[in-house]
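# Coordinate inspection notes
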Amino acid sequence: MGEVVPKRIATMLMNALKGGVVPRTGLGYIAVGRENEINALLNDVSIIEDGGATFRFVVGKYGSGKSFLLQTIRSHVMEKGFVVIDADLSPDRRLVGNKGQGLATYQELIQNMSTKTRPDGGALPLILERWIASVQNEVLEEYHITPSDIKFSSLMETKIYEKTSCIDGLVHGFEFAKVINIYFSGYLDSNDEQKNRALKWLRGEYNNKTEAKNELGINLIISDEDWYEYIKIFAQFMVMAGYKGMMLLIDELVNIYKIPNQIARQYNYEKILTLYNDTLQGKAKYLGIIMSGTIQCVEDTKRGIFSYEALKSRLEDSRFANNSCRDFLAPIIRLEALTPEEMTILVEKLTNIHCDLYNYQTSITEQDMIEFIKAEYARIGADSHITPREVIRDYIELLNTLYQYPDKKLLEIINGEDFKYSISTTNDEEINMEFADFEL
């Protein structure tokens, strides 16, 4: 038997995996393979920690493990002392949009801001208060005073301005620093309303400049056009607050690919180009960006990222790279299928977790697991289309059945006429999109 998984995490793992989604915690208990991909992304982490910036695409079929890899990196960098912001794109969340879809993505990113001590999001207030507390300790030690000293408030304010002066030079850095000071004033005065107004501004929740001017005295708000500038400011602020850097994760790039209007798609690809150039040209610091999407949403030259020539010329594979000589330092990391051996290890881990969760002794042998994997890979087209998601869902369904009907055997079920494999969604995107822009 493997390592015992806490019941809460085991329940969440089983429910999430059976539903075909990636759990946000407990991934270490089921991780297999992907060593080269993980090592490549962890090498980026060291660059970010040294004050650099990186940009990667993780590309693969539906269910191939893209989101799983992102969540694995998310957990790792939080353990290392990074702040993580992540969001899934959708019809309502893009990088740019004429109905505020870009700002909606920013709001989702900030809402999901996570740290080691706050892994489920909503970490912004905690980060601000942690930073203010560290500045407070610095002032107390430097001037040998107590918080009750009459000079304490003015010395703190001076120190805050001194600390935030390094971001004044960034685009919108002055306004950002001013809002931080407003939050600090509310912290000193125990004024929750003032703190909430500052947080509202930082989260991009003000609808217009007039509202922000009346409540904060700042004639500027975070908008659809400039939200990324504030991501760069946040990355540098996080280092000031004692963190190693910030990682931005964006999943479901396919939702840009699905935008029916060509001009709207191009605006979004132009935004990706801005992010890509900023990280590689040194305009961003302490920031890592990872975006994930399907093969077609990246490489389709009619609708995908490669339809934008400036990105295509930057992201295309080297002519020296091939399947036997993959370049893990390239901007695009392509996920290969897990081997049958790796899938066997995975189902063994799932068996152990399921047994611990429901407190029973399994009748499944190692040979049963091997036979199950053989059956999965024997399906027509499995060599090119089978994904971990399908195998996992099938196997958890088997585990649930065997637990409830202990008189049955695994081989008896998978060889029976009633057993149906999970339906593959790998080809959903392969539908011809040539006429997607056509309207009657």
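Residues numbered from 1 in each chain as written. Predicted model: local features only at pLDDT ≥ 70, side-chain atom pairs only at ≥ 80, totals over all residues. Heavy atoms only, no water.

## Brief notes about the overall build of the protein chain
- A count of helices and strands for the protein chain gives 19 helices and 5 strands.
- Compactness check: the protein chain gives a C-alpha radius of gyration of 25 Å against a globular reference of 22 Å for 440 residues, within 12% of the reference.
- Taking the principal axes of the C-alpha coordinates as reference, the protein chain spans close to 80 × 55 × 45 Å.
- Per-residue burial for the protein chain yields a buried fraction of 49% across its 440 residues.
- Look at the contacts in the protein chain between residues 6 or more apart in sequence, and 70% of them connect residues 24 or more apart. (Helix = DSSP H or I, 4+ residues; strand = E, 2+ residues; numbered from the N terminus. Rg over C-alpha atoms; globule rule 2.2 N^0.38 Å. Buried < 20%, exposed > 50% of the residue type's maximum accessible area, 1.4 Å probe, protein only. Contact = heavy atoms within 4.5 Å.)

## Some remarks on the environment of Glu-316
- Within the secondary structure layout, Glu-316 lies in the loop between helix 14 (309–315) and strand 5 (332–334).
- For the pair Glu-316 and Glu-299, spaced 17 residues apart in sequence, the C-alpha to C-alpha distance is 8.8 Å.
- Side chain to side chain, Glu-316 and Lys-312 meet in a polar contact 2.7 Å long. (Polar contact = N/O pair within 3.5 Å; in protein donor to acceptor, adjacent residues only side chain to side chain.)

## Overview of the pairing of strand 2 (residues 83–88)
- Across the 6 residues of strand 2, 5 count as buried, placing the element largely inside the fold.
- Across 6 bridges, the pairing between strand 2 and strand 3 (residues 246–251) is parallel. By the bridge assignment for strand 3, Ala-87 is matched with Ile-250. (Pairing = 2+ DSSP bridges.)

## Here we look at the packing of aromatic side chains
- Throughout the structure, instances matching the rule amount to 10 aromatic pairs.
- Pairing Tyr-360 with Tyr-403 gives two aromatic rings, centres 5.0 Å apart and planes at 45°, and the pair type is tilted. Here Tyr-403 lies in helix 18 (residues 388–404) and Tyr-360 lies in the loop between helix 15 (340–358) and helix 16 (366–377), a separation of 43 residues in the sequence.
- Residue class for Tyr-403 comes out partly exposed when judged on its relative accessible area of 35%.
- Here the aromatic cluster, defined as three or more aromatic residues joined through ring pairs, consists of Trp-131, Phe-176, Phe-234 and Phe-237.
- One cation-aromatic arrangement involves Arg-130 over Tyr-243; the distance from NZ or CZ to the ring centre is 4.3 Å. (Phe/Tyr/Trp six-rings, centres within 6.5 Å; stacked < 30°, edge-to-face > 60°. Lys NZ or Arg CZ within 6 Å of the ring centre and 35° of its normal.)

## Description of the side chain of Thr-105
- Structurally, Thr-105 is set in helix 4 (residues 101–111).
- Engagement of the side chain of Thr-105 in a polar contact is seen with the backbone oxygen of Arg-94, the distance being 2.5 Å.
- Not counting the four nearest positions on each side in its chain, Thr-105 is found in contact with Ala-87, Leu-89, Arg-93, Arg-94 and Leu-95.

## Details of the environment of Val-77
- Its location among the elements puts Val-77 in helix 3 (residues 66–79).
- The exposure class of Val-77 is buried, given its relative accessible area of 0%.
- Beyond its immediate sequence surroundings of up to four residues, Val-77 is in contact with Val-45, Phe-82, Val-84 and Met-247.

## Let's talk about the pairing of strand 1 (residues 53–59)
- Counting buried positions along strand 1 yields 7 of 7 residues, so the element is predominantly enclosed.
- Neither face of strand 1 is left uncovered, since the one carrying Ala-53, Phe-55, Phe-57 and Val-59 and the one carrying Thr-54, Arg-56 and Val-58 both have all their residues buried.
- Here 7 bridges tie strand 1 to strand 4 (residues 287–293), and the two strands are oriented parallel to one another. Bridge assignment links Ala-53 to a residue of strand 4, and that residue is Leu-287.
- Across 3 bridges, strand 1 lies against strand 5 in parallel orientation. Each bridged residue has a counterpart across the sheet, and for Val-59 the counterpart in strand 5 is Arg-334.

## A closer look at the sheet that holds strand 5
- If you trace the 5 strands from one edge of the open sheet to the other, you get 2-3-4-1-5, paired in parallel fashion. Every other strand in the sheet has two partners, leaving strand 2 and strand 5 as the edge strands with one partner each. Averaged over neighbouring strand pairs, the angle between their axes works out to 20° when direction is ignored.
- In the packing of helix 2 (residues 35–49) onto the sheet, the strands contacted are strand 1, strand 3, strand 4 and strand 5, and the crossing angle to strand 1 comes to about 160°.
- Seen against the sheet, helix 4 touches strand 2 and strand 3 and runs at an angle of roughly 135° to strand 2. (Axes fitted to C-alpha atoms, helices over the stretch in contact; angles between N-to-C directions.)

Function cannot be inferred from these measures alone, as they are strictly geometric.
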